[in-house]
Amino acid sequence: MAEAIKNRYDFVILFDVENGNPNGDPDAGNLPRTDPETGLGIVTDVCLKRKIRNYVEAVKEDAEGFRIYIKDGVPLNRSDREALRYLQIDDEKALKAAKKENPELDRLVLQFMCKNFFDIRTFGAVMTTFVKGNLNCGQVRGPVQLSFARSVDPVVPQEVTITRVAITTESDAERKGTEMGRKYIVPYGLYRCEGYVSANLAKKTTGFSEEDLELLWEAILNMFEDDHSAARGKMAVRELIIFRHDSAMGCAPAHRLFDLVTVERRDPSAAPRRYQDYTVAVDEAALPQGVTCQRRG
């Protein structure tokens, strides 16, 4: 494995949606997620991680060391068993016996999974097969973490009625000429997500490397480019603001750096409908010693 990163990073992602549903809530009829107290839109960290995983999977095409552990249609236990086969362990019974014989088995399994799966090196994972086999590597804490994204301003989800002329069944065709449906959209919303990269966890646990870090930045900037659909409208990452610390443990608290990033409406009296309705500023003059800022987008 490549050498783990040596610097801590904190970052801010700004992305927007136009006439789409960025993250529907299945418990609310797929209505766009909002904070009921403030009206701000919400996109979960899980949703964003899925986009990043999908991008890496599409670009790397299961290349060695860059496979995806949590992916559609592939049971986790199937991937877990690859580590056991690598260690020449056939089943759970044999796993328990091997654990007694080799105290280093936890570390070997963890190394195999981190070496082969990009998303485990990045976000961590819970590997249930190993938990059942009494291995303490079952839960891996990843060095990269994301917060929920929240919209800069309140959003007003709208219900749009749609029709189609194609009828589902013969009996329905005898009774009606069109079928009605509906979809929920946010006319426009600019969302802000904050994230963290721990060099300490990368070194101690997963071996997240500089190559992995560059791929992560690339995936964040392009996570919506291969994910366009009518339901999600027009979504794009507008800017990625990266704070790099000169040390592994960091030179300043993350919240102090995030406070340096301000996003404001140009005209507070008008409802925002495009990214150009906002100004984004970073107070680089107030950066703490040992921290540098890079803006990508």
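Below you will find a few notes about this structure. Fair warning: this is a prediction, and the values are worked out from it, not measured in the lab.

## Points about the overall build of the protein chain
Across its full length, the protein chain holds 10 helices and 14 strands. Projecting the C-alpha coordinates of the protein chain onto the three principal axes gives extents of approximately 70 × 65 × 35 Å. Split into buried and exposed, the 297 residues of the protein chain put 46% on the buried side. Sequence separation of at least 24 residues holds for 72% of the intrachain contacts in the protein chain that already meet a minimum separation of 6. When the accessible surface of the protein chain is split by element, carbon and sulfur atoms take 47% of a total near 15500 Å². Averaged over its 42 positive side-chain charges, the protein chain has a centre that lies 3 Å from the centre of its 46 negative ones.

## Things to note about unusual backbone geometry
A positive phi is found at Asn 19, a non-glycine position, where the angle reads about 55°. Topologically, Asn 19 is positioned in strand β1 (residues 9-20). Not every positive phi belongs to a glycine, and Asn 30 is a case in point at roughly 70°. Residue Asn 30 is classed as partly exposed on the basis of its relative accessible area, which comes to 42%.

## Re the pairing of strand β11 (residues 234-245)
Counting buried positions along β11 yields 9 of 12 residues, so the element is predominantly enclosed. Relative to strand β14 (residues 291-296), β11 is paired through 6 bridges, and the arrangement is antiparallel. Note that in β14 the partner of Phe 243 across the bridge is Cys 293.

## Quick look at the pairing of strand β10 (residues 179-197)
Counting buried positions over the 19 residues of β10 gives 14, a clear majority of the element. Looking at chain direction, β1 and β10 are connected through 11 bridges and run antiparallel. Counterpart to Val 12 in the pairing with β10 is Glu 194. Pairing between strand β7 (residues 144-146) and β10: 3 bridges, direction antiparallel. Bridged to Val 144 within β10 is Val 197. Two strands pair when backbone bridges link them, and strand β8 (residues 149-154) and β10 are joined in this way by 2 bridges, in the antiparallel orientation.

## Things to note about the environment of Lys 51
Along the chain, the position of Lys 51 falls in helix α1 (residues 45-60). With residues near it in sequence (within four places) discarded, Lys 51 still touches Met 223, Phe 224, Asp 227 and Arg 232. Within the structure, the side chain of Lys 51 is placed 2.8 Å from the side chain of Asp 227, a separation counted as a polar contact.

## Remarks on the packing of α1 against helix α9 (residues 210-221)
Relative to each other, α1 and α9 sit at 110°, their axes nearing to 9 Å. Here α1 is positioned roughly perpendicular relative to α9, judged by the angle of their axes. Crossing geometry of α1 relative to α9 is assigned as right-handed. On α9, the residues touching Ile 52, Tyr 55, Val 56, Val 59 and Lys 60 of α1 are Leu 215, Leu 216, Glu 218, Ala 219 and Ile 220. Of the residues in the contact of α1 with α9, the class split is 8 nonpolar, no polar and 2 charged.

## What to know about the packing of helix α2 (residues 76-86) against helix α4 (residues 105-116)
One can describe the packing of α2 onto α4 by two numbers: an axis separation of 10 Å at closest approach and a directional angle of 125°. Here α2 is positioned oblique relative to α4, judged by the angle of their axes. Relative to α4, the crossing made by α2 is right-handed. Counted together, Ser 79, Asp 80, Glu 82, Ala 83 and Tyr 86 of α2 and Val 109, Phe 112 and Met 113 of α4 form the full contact between these two elements. Its residues assigned to classes, the contact of α2 with α4 shows 5 nonpolar, 1 polar and 2 charged.

Scoring rules and cut-offs
- Residues numbered from 1 in each chain as written.
- Predicted model: local features only at pLDDT ≥ 70, side-chain atom pairs only at ≥ 80, totals over all residues.
- Heavy atoms only, no water.
- Helix = DSSP H or I, 4+ residues; strand = E, 2+ residues; numbered from the N terminus.
- Buried < 20%, exposed > 50% of the residue type's maximum accessible area, 1.4 Å probe, protein only.
- Contact = heavy atoms within 4.5 Å.
- Areas by Shrake-Rupley, 256 points an atom, 1.4 Å probe, with all protein chains shown as cover.
- Lys, Arg positive; Asp, Glu negative; His and termini not counted.
- Charge placed at Lys NZ, Arg CZ, Asp CG, Glu CD.
- Pairing = 2+ DSSP bridges.
- Polar contact = N/O pair within 3.5 Å; in protein donor to acceptor, adjacent residues only side chain to side chain.
- Axes fitted to C-alpha atoms, helices over the stretch in contact; angles between N-to-C directions.
- Parallel < 35°, antiparallel > 145°, perpendicular 65-115°, else oblique.
- Left-handed = near helix turned anticlockwise from the far one by under 90°.
- Nonpolar A, V, L, I, M, F, W, Y, C, P; charged D, E, K, R; others polar.

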